[in-house]
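What follows is the residue order along each chain.
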Amino acid sequence: MGKRVSVYRKEHFNAAHRLHNPAWDDNRNSEVFGKCNLPNYHGHNYELIVKVTGETDPGTGYVMDMKVLSDVIREHVTDRFDHRNLNLDMPEFREMNPTAENIAIVIHDILRAYIDEKLDIKVILYETPRNYVEYPA
Ligand code: NI
């Protein structure tokens, strides 16, 4: 077995969202989600970190070519998410609250289809400089 190494690529996007559960009345939504439930949406500067772990390739010395990783993230994630209203523009969030947790899961599942299955991937998503999530945990 070769040595396993993790490589990380950092990207960024801005997006608007609103947290709301249509099964609850307005009071309960407001109690649970606070300002995040305000009807006219609000934005975040999301910082996205994608971690890829695997053995280095004996030919290149790479776990994964970072240019390829960067292109995959841009084409399939940031170009789709940047400057969008996640609730209204993205079919993934029509029926699912666009919390940082759910956004990280969606991004992971998108990227999984484009990254060699022998590599492990993890998504770290900062919604604010102090609040961030990691998937898989
Ligand atoms: Ni928010």
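Scope of this entry: the structure provided in the associated data block. None of the values given here were measured: they were computed from a predicted structure.

Quick word on the overall build of the chain
In terms of regular secondary structure, the chain is built from four helices and five strands. The secondary structure elements of the chain, listed N-terminal to C-terminal, are β-α-β-α-β-α-α-β-β. By residue count, 39% of the 137 residues in the chain fall in the buried class. In the chain, of all internal contacts separated by at least 6 residues, the share reaching a separation of at least 24 is 66%.

A word on helix α1 (residues 26–33)
Sitting at the head of α1, D25 places a side-chain oxygen 3.2 Å from the backbone nitrogen of N27. In the stretch just after α1, G34 is the one whose phi turns positive, near 55°.

A short note on the pattern of salt bridges
Throughout the structure, instances matching the rule amount to seven salt bridges. A salt bridge links K67 to D71, with the nearest nitrogen and oxygen atoms 2.9 Å apart. Note that K67 and D71 are positioned in helix α2 (residues 66–81) at a spacing of four residues, about one turn of the helix. A relative accessible area of 28% places D71 in the partly exposed class. With a shortest N-O distance of 3.6 Å, E134 and K122 are connected by a salt bridge. With E134 in strand β5 (residues 132–135) and K122 in strand β4 (residues 120–126), this pair connects stretches of sequence that are twelve residues apart.

A few points about the packing of aromatic side chains
A complete count under the given rule lists four aromatic pairs for this structure. Arranged with centres 5.0 Å apart and planes meeting at 20°, the rings of F13 and Y46 form a pair that is stacked. Taken together, the residues F13 in strand β1 (residues 4–17) and Y46 in strand β2 (residues 42–55) connect sequence positions 33 residues apart. In this structure Y46 comes out as buried when scored by relative accessible area, which is 0%.

A word on the environment of E117
With respect to the helices and strands, E117 occurs in the loop between α4 (100–112) and β4. Since its relative accessible area comes to 75%, E117 is described here as exposed. In this structure the C-alpha to C-alpha distance between E117 and G54, which are 63 residues apart in sequence, comes to 10.0 Å.

Some words on the pairing of β4
Of all seven residues making up β4, five are buried, and the element is well covered by its neighbours. Looking at chain direction, β2 and β4 are connected through seven bridges and run antiparallel. Along β4, the bridge assignment pairs L48 with L125. One ladder, built from four bridges, connects β4 with β5; its direction is antiparallel.

Reading guide: rules and limits
- Residues numbered from 1 in each chain as written.
- Predicted model: local features only at pLDDT ≥ 70, side-chain atom pairs only at ≥ 80, totals over all residues.
- Heavy atoms only, no water.
- Helix = DSSP H or I, 4+ residues; strand = E, 2+ residues; numbered from the N terminus.
- Buried < 20%, exposed > 50% of the residue type's maximum accessible area, 1.4 Å probe, protein only.
- Contact = heavy atoms within 4.5 Å.
- Polar contact = N/O pair within 3.5 Å; in protein donor to acceptor, adjacent residues only side chain to side chain.
- Salt bridge = Lys/Arg side-chain N within 4 Å of Asp/Glu carboxyl O.
- Phe/Tyr/Trp six-rings, centres within 6.5 Å; stacked < 30°, edge-to-face > 60°.
- Pairing = 2+ DSSP bridges.

In short, the description is geometric, and any link to function would need to be established separately.
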